[in-house]
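So you can see what is in the structure, the chains are spelled out below.
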Amino acid sequence: MRAVPAWRGPLRRRLGDFGRDPRHALDTVLSIVIFTVPGVVIGGRLGSQLARRASDQRLVRFLGWLFLGIAAVTLGGVLRRVEPLACTA
């Protein structure tokens, strides 16, 4: 039972006042819905059309390059935020 208080503190810090201010909670939920619903609808529509038109090998290759590009952009963003190590002698 000691593990429960251990994860409760960092979770509260990450969520902030999510449980205290109902307006903040509603804004958070609406922002998630605004981006998620159109993405699911458009992705489902385009995905089914692409699956019918393209071969399996082509889709696998496309998704591989897509994920590689997303990983490169994510890694680039992280590396830009990281401060260089200071070498002290």
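The structure displayed is predicted, hence computed values, not measured ones. (Residues numbered from 1 in each chain as written. Predicted model: local features only at pLDDT ≥ 70, side-chain atom pairs only at ≥ 80, totals over all residues. Heavy atoms only, no water.)

**Student:** What's the story with the overall build of the chain in this structure? I'm lost.
**Tutor:** Within the chain, the secondary structure is distributed over three helices and zero strands. Traced from its N-terminal end to its C-terminal end, the chain shows the element sequence α-α-α. Of all 89 residues assigned to the chain, the portion counted as buried reaches 3%. As presented, the chain carries roughly 8,600 Å² of accessible surface, and 67% of it is formed by carbon and sulfur atoms. (Helix = DSSP H or I, 4+ residues; strand = E, 2+ residues; numbered from the N terminus. Buried < 20%, exposed > 50% of the residue type's maximum accessible area, 1.4 Å probe, protein only. Areas by Shrake-Rupley, 256 points an atom, 1.4 Å probe, with all protein chains shown as cover.)

**Student:** What's the story with a nonpolar patch on the surface in this structure? I'm lost.
**Tutor:** Together, Phe62, Leu63, Leu66, Phe67 and Ile70 make up an exposed nonpolar region whose accessible area comes to about 480 Å². Along the chain, Leu66 falls in helix α3 (residues 56-81). (Patch = residues over 30% accessible without salt bridge, like charges linked within 9 Å, V, L, I, M, F, W, Y side chains within 5 Å. Salt bridge = Lys/Arg side-chain N within 4 Å of Asp/Glu carboxyl O.)

**Student:** What is the right way to read the confidence of the model for the chain from this model?
**Tutor:** The predicted structure's coordinates, where accompanied by low pLDDT, should not be read in detail. When the pLDDT values of the chain are averaged, the result is 77; 69% of them are 70 or greater. Ranking the helices and strands of the chain by mean pLDDT puts α3 first, with 91, and helix α1 (residues 3-15) last, with 56. (pLDDT = per-residue confidence, 0-100.)

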